[in-house]
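Topology and contacts: notes
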Amino acid sequence: MSQGATIVGTSTAQRIRGLEMPWNRVLSTQDQAASAAKALGPWHPQEFLAECVQNIEEAGGLMTFVFRRLDGAPLAFRAGQYLNIAFPVYGEGEDTVDRSYSISSAPTVPWTFNVSIKRDPKGLVSNWAHENLRPGMVLDMLGPVGAFHLGDSDRRARYLFLSAGAGITPIMSMVRTIHSLPGQADVIVLCHGTVPGDFPFWQELEYISKVDTRIKVFYSLGDRDKPKSWKGFAGRLSAKMIDEVAPDANGRKVFACGPEGYLNSAAQLLREVGVDDTSVFMEFFSGDRKTLLEYQKEIVLAESIAEEVAESVEEFYESQPPELGMYEPEYDETGTIEASGQELIAVPADAPVPAAEPAGEQLPPDTSGFETVGEGTITMSFVRTGINVKINPEEKILGAAQRAGVRIGANCQEGMCGSCKVVKLSGEVAMNHQGGIRAREISAGKFLPCCSTAQSDLVIDA
């Protein structure tokens, strides 16, 4: 990336023509001392545990949850990306509910990170988070995920950010990032909301726009009534409004986030004012089935990469001399775990190692006394319910089980949400999920009956 220089008095102040993320320089430096910061590289998603350390109530019905990684590492991500988070909505020991939420903080402050969640009166997870997620709670996370983000470097660095409602969340991460970096960026933000004084993050946006001349912020009330004191725009997004806030929109990169209808309209309007589709990037906060499936594919891919990263890190630590192993993470069958902090006990070097106790043989549960219902060539035994259900190989397991009275929760019924997850004690299933279950859960014997068929007799813990 080329750089310009501006002479200020007798000293030379480095000015970046455009915008550049700090990790570019950290990773290219030859200074060994700086190599410790290589964890800032935001290329690979990981599975990790994160502790909530603070709750911040925001305008517009949002709550910001501040997290830190439990292993003490910084979270490497790009501004605009999101995390897939497992929420213990049904309580400890029960299956979690996975949801994806954008990171609202800047990656330039990586030791803690923010997830801002808008409360949906009908939402399962958002309501749970607002009422139950408090400092000290630890959640399982996967990420970062998503191609909707600022680049690592941008010579042009001229942006138009469009947001509606909670769509401001990833946009806020971008604004905070640009504000925290040097450079000659040129940013215009246009936020759509419904209530004056209730736009998410409006106080911080006002402050940033006052102290950072590179960033201008505009608001519109949509098609709501406009109070006399309102100085912003009124009306839905239009070509005229885009022209008014950004007459040079066709020379900018446009990042837009919000509900599906808003973004579909924005895509059309941006074409009308001359913005090429290749300069437009969108993140849907709600979407059709095609959009949801695309997100699920992203998460499945991220999970696969996260497993490869975890394996490579574990191999790296195993290859190190013992004297370098004092800070290495511990692992169990679920991945990296935090330092155990167990007390060290002095033991003679020649002391005999106690023999491990032999594992007891697990006998299969006796299902011969269960009532048998249904018709088919395969028998599914549900040990908690105490019933055998006959099924044919082409039938989906969930429907047959529910018709027989087996209580299995289910929402999407398409292998996406993971709400029907159960444990298979024996037998084989064919599962075609859409990201609602993680690889390590499958390895642990779990499966989604909504998108699975029986390939043999089954014994199921349900």
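Bear in mind the structure is a predicted one, so any value in this text is a computation, not a measurement. The residue numbers shown here count from 1 along each chain, following its written sequence. Local features in this predicted model are restricted to residues whose pLDDT is 70 or higher, and side-chain atom pairs enter the listing and the counts only when it is 80 or higher, whereas totals over whole chains, interfaces and linings include all residues. Note that water and hydrogens are dropped before the side-chain values are worked out from all heavy atoms of the structure.

Moving on, we get to the packing of aromatic side chains. When the centres of two rings from Phe, Tyr and Trp lie within 6.5 Å, Trp using its six-membered ring, the rings pair. Their planes under 30 degrees apart give stacked, over 60 give edge-to-face, and anything left gives tilted. According to the stated counting rule, one finds twelve aromatic pairs in the structure shown. Between Phe-87 and Trp-128, the ring centres sit 6.1 Å apart and the planes meet at 75 degrees, which makes this aromatic pair edge-to-face. Separated by 41 residues along the polypeptide, Phe-87 in strand β6 (residues 82-87) and Trp-128 in helix α2 (residues 124-132) bring together distant segments of the chain. Measuring from ring centre to ring centre gives 5.5 Å for Phe-148 and Phe-255, while their planes differ by 75 degrees; the resulting arrangement is edge-to-face. One end of the pair, Phe-148, is in the loop between β9 (138-145) and β10 (153-154); the other, Phe-255, is in strand β14 (residues 253-258), and 107 residues separate them in sequence. Each of the two residues, Phe-148 as well as Phe-255, counts as buried. An aromatic cluster is built from Phe-148, Tyr-159, Phe-161, Phe-255 and Phe-281, whose rings are joined through pairwise contacts. Comment: the charge-over-ring label is applied if NZ (Lys) or CZ (Arg) is within 6 Å of the ring centre and within 35 degrees of the ring normal. The ring of Phe-48 carries the charged tip of Arg-69 above its face, separated from the ring centre by 4.5 Å. Secondary structure is summarised from DSSP: a helix means a run of H or I of at least four residues, a strand means a run of E of at least two, and numbering begins at the N terminus for each. Note on classification: 1.4 Å probe, protein chains only; a residue is buried when its accessible area is under 20% of the maximum for its type, exposed when over 50%, partly exposed between these limits.

Let's shift gears to the pattern of salt bridges. One side-chain nitrogen of Lys or Arg within 4 Å of one carboxyl oxygen of Asp or Glu is enough to make a salt bridge. Under the counting rule described, the total for this entry stands at 14 salt bridges. A salt bridge links Asp-71 to Arg-69, with the nearest nitrogen and oxygen atoms 2.9 Å apart. Note on Asp-71: relative accessible area 37%, which makes it partly exposed. For Arg-78, the salt bridge goes to Asp-152, with nearest N and O atoms at 2.9 Å. Of this pair, Arg-78 sits in the loop between β5 (62-69) and β6 while Asp-152 sits in the loop between β9 and β10; the two residues are 74 residues apart in sequence, bridging distant segments of the chain. Each of Arg-158, Asp-186, Asp-248 and Arg-252 takes part in a single network of salt bridges with overlapping partners.

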